[in-house]
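Take a look at the letters that make up each chain.
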Amino acid sequence: MQKTDWNSLSDEAFRAEVRTFFETEFPEYLRFPAHHLRWAEVKDWYGTLFRKGWAAPAWPVEWGGMGLTPAKQLIFMEEQERHGVARTPDMGIVMLGPLLIQYGSMPLRQLFLPPTLRGDFIWCQGYSEPGAGSDLAALRTEAILEGDHYRINGSKIWTSYATDATHMFMLARTEKGVKKQDGISFLLVDMKSPGITVRPIRNIGGSTTFAEVFFDDVRTPADWLVGERNQGWSIAKSLLGFERLSIGSPRLAQAGLKRLDDVLAERGGAISAQYADRVARLRLDVADLASLYEKFAAAVRRGERLGADVSVLKVFATDLFQRLSELSIEVAGSAGGITGRTQFREEGSRVDVLSLFYNARPPTIYGGSNEIQRNIIAKSLLNLPMG
Ligand SMILES: Cc1cc2nc3c(=O)[nH]c(=O)nc-3n(C[C@H](O)[C@H](O)[C@H](O)COP(=O)(O)OP(=O)(O)OC[C@H]3O[C@@H](n4cnc5c(N)ncnc54)[C@H](O)[C@@H]3O)c2cc1C
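Residues numbered from 1 in each chain as written. Predicted model: local features only at pLDDT ≥ 70, side-chain atom pairs only at ≥ 80, totals over all residues. Heavy atoms only, no water.

## Examining the overall build of the protein chain
- Tallying secondary structure elements over the protein chain gives 13 helices and 10 strands in all.
- In terms of overall dimensions, the protein chain is globule-like: its C-alpha atoms have a radius of gyration of 22 Å, near the 21 Å expected for 387 residues.
- The proportion of buried residues among the 387 residues of the protein chain is 46%.
- Considering only intrachain contacts with a sequence separation of at least 6, the fraction spanning at least 24 residues in the protein chain is 72%.
- Here the protein chain has roughly 19,000 Å² of accessible surface; of this, 52% comes from carbon and sulfur atoms.
- In the protein chain, which carries 46 positive and 46 negative side-chain charges, the distance between the mean positions of the two groups comes to 2 Å. (Helix = DSSP H or I, 4+ residues; strand = E, 2+ residues; numbered from the N terminus. Rg over C-alpha atoms; globule rule 2.2 N^0.38 Å. Buried < 20%, exposed > 50% of the residue type's maximum accessible area, 1.4 Å probe, protein only. Contact = heavy atoms within 4.5 Å. Areas by Shrake-Rupley, 256 points an atom, 1.4 Å probe, with all protein chains shown as cover. Lys, Arg positive; Asp, Glu negative; His and termini not counted. Charge placed at Lys NZ, Arg CZ, Asp CG, Glu CD.)

## Some thoughts on the environment of Pro-107
- Tracing the backbone shows Pro-107 in helix H5 (residues 106-118).
- When the C-alpha positions of Pro-107 and Trp-224 are compared, they lie 9.5 Å apart, and in sequence the two are 117 residues distant.

## Regarding the site of the ligand
- Near the ligand lie 17 residues; those nearest to it are Ser-128, Ser-134, Trp-158, Ser-369 and Glu-371.
- Within the contact set of the ligand, a nitrogen atom lies 2.8 Å away from a backbone nitrogen or oxygen of Gln-125.
- Notes on the ligand: free accessible area 970 Å², of which the protein chains cover 64%.
- When residues of the shell around the ligand are traced back to their parent elements, those giving at least two are strand S3 (149-160) and helix H13 (370-381). (Near = heavy atom within 4 Å. Polar contact = N/O pair within 3.5 Å; in protein donor to acceptor, adjacent residues only side chain to side chain.)

## Quick look at helix H3 (residues 70-83)
- For H3, built from 14 residues, the straight-helix expectation of 20 Å at 1.5 Å per residue is met to within 8% by its first-to-last C-alpha distance of 20 Å.
- When you tally the buried positions in H3, you get 10 out of 14 residues, the bulk of the element.
- Within H3, the full set of buried residues consists of Ala-71, Lys-72, Gln-73, Leu-74, Ile-75, Phe-76, Met-77, Glu-78, Glu-79 and His-83.
- If you follow the buried residues of H3, they end up packed against helix H1 (11-25), helix H7 (240-247), helix H8 (251-267) and helix H10 (276-301).
- Gly-84 occupies a position one or two residues after H3 and carries a positive phi of about 70°. (Expected span 1.5 Å × (residues − 1).)

## Notes on the domain arrangement of the protein chain
- Along its sequence, the protein chain is organised into domain 1 (6-88), domain 2 (123-230) and domain 3 (240-381).
- Once you take the C-alpha centre of each, domain 1 and domain 2 turn out to be 29 Å apart.
- Between domain 1 and domain 2, the residue contacts involve four residues of the former and five residues of the latter.
- Its largest share of buried area at the contact with domain 2, domain 1 owes to His-36, Arg-38 and Trp-39, together 75% of the area lost on that side.
- On inspection of domain 1 and its partner domain 2, the count reaches one salt bridge. (Domains from an automatic or database assignment. Buried area = accessible area lost by both parts, 1.4 Å probe. Salt bridge = Lys/Arg side-chain N within 4 Å of Asp/Glu carboxyl O.)

## Focus on the side chain of Glu-79
- Here Glu-79 is to be found in helix H3.
- Under the relative-accessibility criterion, Glu-79 is labelled buried at 2%.
- There is a polar contact of 2.7 Å between the side chain of Glu-79 and the side chain of Arg-19.
- Excluding residues within four positions of it along the chain, Glu-79 makes contact with Arg-15, Val-18, Arg-19 and Phe-22.

## Focus: the packing of aromatic side chains
- Applying the stated criterion to the full structure yields 18 aromatic pairs.
- Cluster of aromatic residues (ring-pair linked, three or more members): Trp-6, Phe-14, Phe-21, Phe-22, Phe-26, Trp-45, Trp-54 and Phe-76.
- Sitting above the plane of the Trp-54 ring, Lys-52 keeps its charged end 4.7 Å from the centroid. (Phe/Tyr/Trp six-rings, centres within 6.5 Å; stacked < 30°, edge-to-face > 60°. Lys NZ or Arg CZ within 6 Å of the ring centre and 35° of its normal.)

## Things to note about a nonpolar patch on the surface
- A cluster of nonpolar side chains, namely Val-312, Leu-381, Leu-382 and Leu-384, defines an oily patch on the protein surface of about 320 Å² accessible area.
- Inspection of the secondary structure assignment puts Leu-384 in the segment after H13. (Patch = residues over 30% accessible without salt bridge, like charges linked within 9 Å, V, L, I, M, F, W, Y side chains within 5 Å.)

## Observations concerning unusual backbone geometry
- Even without being glycine, Asp-217 reaches a positive phi, approximately 55°.
- Considering the arrangement of structural elements, one finds Asp-217 in strand S7 (residues 210-221).
- Residue class for Asp-217 comes out partly exposed when judged on its relative accessible area of 39%.
- Even without being glycine, Asn-383 reaches a positive phi, approximately 55°.
- With respect to the element layout, Asn-383 can be found in the segment after H13.

## As for the nonpolar core
- Counting 53 residues, the largest nonpolar core has Phe-169, Phe-186 and Leu-188 as its most contacted members.
- Counting only elements with at least two residues in this core, the list comes to H1, helix H2 (39-52), H3, helix H4 (91-103), H5, strand S4 (167-173), strand S5 (184-190) and helix H6 (232-237).
- Among the elements that take part in this core, H4 stands out by supplying seven residues, more than any other.
- Structurally, this core is a two-domain feature, drawing no fewer than three residues from each of domain 1 (6-88) and domain 2 (123-230).
- Excluding residues within four positions of it along the chain, Phe-169 makes contact with Met-91, Met-95, Leu-96, Trp-123, Cys-124, Gln-125, Gly-126, Tyr-127, Phe-186, Leu-187 and Leu-188.
- Within the second largest apolar cluster, 29 residues are counted, among which are Met-77, Leu-260, Val-300 and Val-353. (Core = buried A, V, L, I, M, F, W, Y, C linked by side-chain atoms within 4.5 Å.)

## Regarding the packing of H3 against H10
- Contact geometry for H3 and H10: axes closest at 7 Å, N-to-C directions at 140°. When the axis of H3 is compared with that of H10, the two are oblique. Residues Pro-70, Ala-71, Leu-74, Met-77 and Glu-78 of H3 form the contact with H10, whose participating residues are Tyr-293, Ala-297, Val-300 and Arg-301.
- Of the residues assigned to the contact of H3 with H10, the class counts are seven nonpolar, no polar and two charged. (Axes fitted to C-alpha atoms, helices over the stretch in contact; angles between N-to-C directions. Parallel < 35°, antiparallel > 145°, perpendicular 65-115°, else oblique. Nonpolar A, V, L, I, M, F, W, Y, C, P; charged D, E, K, R; others polar.)

Next comes the structure, spelled out in structure tokens:
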């Protein structure tokens, strides 16, 4: 069958095609989920995407992807967010796949890309450790080369989807006594390997999407190394710019504003009037965020690499989402502290305020915490002296 060249469509035609597909195919009950969905919940939807040939928008066509340009990828992502299409546990598709295609050997690509695309291999990202989050290069989990395998000892923390994952891509220390960034390698590991223990962590919202992962003399094949030995740091860093752009999309804040409007409507005119000033300011901030995002998105469309200034977008978008969630709680009054969809008054609609508040916490932490982004802004953009 002739494959469609999606990039040959105009942006408008492509957007319309994607929008129609999501509107007709995505299950209604999964739209705008209040928590990250587990693999069991989204497996069927992933199957629909796979059969359509849309499971991997950024992968090249020869590996079964859509081969989209960055501009078309953005449209795809924007339409997902607009319709509330839930994220699948997609680290294999979004993070590992592009890295394997760029840095992996041909045997590694052949071994891992097809089952990852089919959804047979689910990946988790093993970077953070106790004591090595913001200062990731301080990681201590060690991988010692012993003949045809690495022997791994140590632990990872905050590993999203570790309980669902069949495999992990990880950073491990393969050399000591050198600059800390220079002794790190990028390794692949089968989560069923003897010596791996996964202990789920329950978050404030009650879900257990992330976990601690312990390695006790775990063996992984020596040729499951991506790129050169001790080059893992630069491989892992190469994805950061695009990740910050996607976290900086205005969709989170727009969803927050929509929820705030719902709460204001439920509280009625007299109470809403008291907040008019603060709501107007937030509304203007959301419009400003959309313009700022468009500036970076346009740079991606022109094929430019994102610079340190994308940190401004990440901080602005995630702080704004939190401010919207906090005002929603305040306006909701006592109903703001109740878990789940709550009715504010008889005959009123049900609004879930608290989950918005919970969902607004993590984005200021992941993708590089906002304090770290502010350090980057101070150093690289404002040239301020470092303490
Ligand atoms: C929802 C969620 C999912 C995640 N999923 C994954 C995953 O799948 N895989 C993975 O590897 N990791 C994951 N993480 C971990 C995430 O990358 C780390 O939480 C993040 O890098 C911060 O590290 P930390 O938690 O160790 O905090 P720390 O680095 O200990 O920081 C604690 C606080 O100190 C501040 N701080 C630290 N250093 C400085 C400094 N130099 N200047 C100013 N302030 C500073 C930080 O901003 C933060 O507020 C996830 C996190 C979250 C919230």
